[in-house]
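Chain and residue survey
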Amino acid sequence: GRRAPDFIVQDPSGSWLPLSGLVNRPLALVLLRPDAPFAAELVREMGRLRDDPAYAPTIFLGIVQGPMTDLVRFRDTQKLSLPLMRDPGTIAQSYGVGALPTVVLLDPDHVIRFKLDGILGSQFRTRMQAVAEALKRLPESKHPEGSGLALDYTPHPRAPLFAARDLDGRRVDLAALRGRVVVLTFFDQDCPHCAKDLPRLAPVLR
């Protein structure tokens, strides 16, 4: 019932896809490591559900931990149809996912409605049935009235954690900068006032 942590994933072509870009659609996420037990079986089964019109309009995504080369090798050797994206290193942790492949279902408001790991061994079929049943209910799930995003209006609220890439492609993670002063400047690259102000700000920050 809590709002899903925001994230951005990278597809094999190198493009980045933010969760915020998938608005008003339920999501079925499979978070996994390629070498985890039953990872390939789970992804194949989720791909089969994705191809079933009964589960429209849900968007299905596999989110793979590890380097892009492992993701591509896993996809190609297993001949998987489920779209696979790379976890830049923060998503599994933010969703509380450990070593086992995990299915997380988000309703159209991106509220977590279902989460299940341990889909392996003799429990595989039983747990996949539970996933399928939850998927059928997902498009109709609604966020409870009056339970919006909790804002911390304290004198010193904590900044939300995020990870991003700089212009050189290097990863910037706010959590890794803990203990240091961080200045965030939000601007529009087409704004003429921003274009004047940023050069004035640079020497002050240096």
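Here, every reference points to the structure presented above.
Predicted, not measured: the structure shown is a model, and the values here were computed from it. (Residues numbered from 1 in each chain as written. Predicted model: local features only at pLDDT ≥ 70, side-chain atom pairs only at ≥ 80, totals over all residues. Heavy atoms only, no water.)

1. Comments concerning the environment of Leu27
Tracing the backbone shows Leu27 in strand β3 (residues 27-32). Take Leu27: its relative accessible area is 0%, and that puts it in the buried class. For the pair Leu27 and Thr58, spaced 31 residues apart in sequence, the C-alpha separation works out to 5.4 Å. Setting aside its immediate chain neighbours within four residues, Leu27 contacts Leu19, Leu22, Thr58, Ile59, Val104, Leu105, Leu106, His110 and Leu138. (Helix = DSSP H or I, 4+ residues; strand = E, 2+ residues; numbered from the N terminus. Buried < 20%, exposed > 50% of the residue type's maximum accessible area, 1.4 Å probe, protein only. Contact = heavy atoms within 4.5 Å.)

2. Notes on the pairing of strand β7 (residues 112-116)
Sheet topology note: the strand β6 (residues 102-106)/β7 ladder contains 4 bridges and is antiparallel. Within β7, the position partnered with Leu106 by the bridge is Ile112. Count of turn residues in the β6/β7 antiparallel hairpin: 5 residues, of which His110 carries a positive phi of about 60 degrees. (Pairing = 2+ DSSP bridges.)

3. Notes on the side chain of Asp87
Its location among the elements puts Asp87 in strand β5 (residues 84-87). Although Asp87 lies buried, it forms no salt bridge, and the closest oppositely charged side chain, Arg171, sits 6.5 Å away as judged by the N-O distance. Only 3.1 Å separates the side chain of Asp87 from the backbone nitrogen of Thr90, close enough to count as a polar contact. A distance of 2.9 Å separates a polar side-chain atom of Asp87 from the backbone nitrogen of Ala92. Filtering out sequence-adjacent residues up to four positions away, Asp87 remains in contact with Ile63, Val64, Gln65 and Ala92. (Lys, Arg positive; Asp, Glu negative; His and termini not counted. Salt bridge = Lys/Arg side-chain N within 4 Å of Asp/Glu carboxyl O. Polar contact = N/O pair within 3.5 Å; in protein donor to acceptor, adjacent residues only side chain to side chain.)

4. Observations concerning a nonpolar patch on the surface
Where nonpolar side chains cluster on the molecular surface, the patch consists of Phe162, Val182, Leu184 and Phe186 and spans about 410 Å² of accessible area. Here Phe162 shows up in the loop between α4 (124-137) and β8 (163-165). (Patch = residues over 30% accessible without salt bridge, like charges linked within 9 Å, V, L, I, M, F, W, Y side chains within 5 Å. Areas by Shrake-Rupley, 256 points an atom, 1.4 Å probe, with all protein chains shown as cover.)

5. Focus: the environment of Pro88
Its place among the elements puts Pro88 in the loop between β5 and α3 (91-94). The exposure class of Pro88 is buried, given its relative accessible area of 13%. Remark: the alpha-carbon pair of Pro88 and Leu31, spanning 57 residues in sequence, is separated by 12 Å. When sequence neighbours within four positions are dropped, the list of residues in contact with Pro88 reads Ile8, Trp16, Arg165 and Arg171.

6. Let's talk about the pattern of salt bridges
A pair can form between side chains of opposite charge whenever their charged atoms are brought close. Counted by the stated rule, this structure contains 8 salt bridges. Measuring nitrogen to oxygen at the nearest pair gives 2.7 Å for the salt bridge that ties Arg48 to Glu45. With a gap of 3 residues between them, Arg48 and Glu45 both fall in helix α1 (residues 39-50), about one helical turn apart. Taking the relative accessible area as the measure of exposure, Arg48 reaches 47% and is therefore partly exposed. Its salt-bridge partner being Arg125, residue Glu45 comes within 3.3 Å of it at the nearest N-O pair. Of the two residues, Glu45 is situated in helix α1 and Arg125 in helix α4; the sequence distance between them amounts to 80 residues. Classification of Glu45 by relative accessible area gives buried; the value is 11%. In this structure Arg125 comes out as exposed when scored by relative accessible area, which is 54%. One continuous salt-bridge network, built from bridges that share partners, spans Glu45, Arg48 and Arg125.

Purely spatial values, then, with no claim about function.
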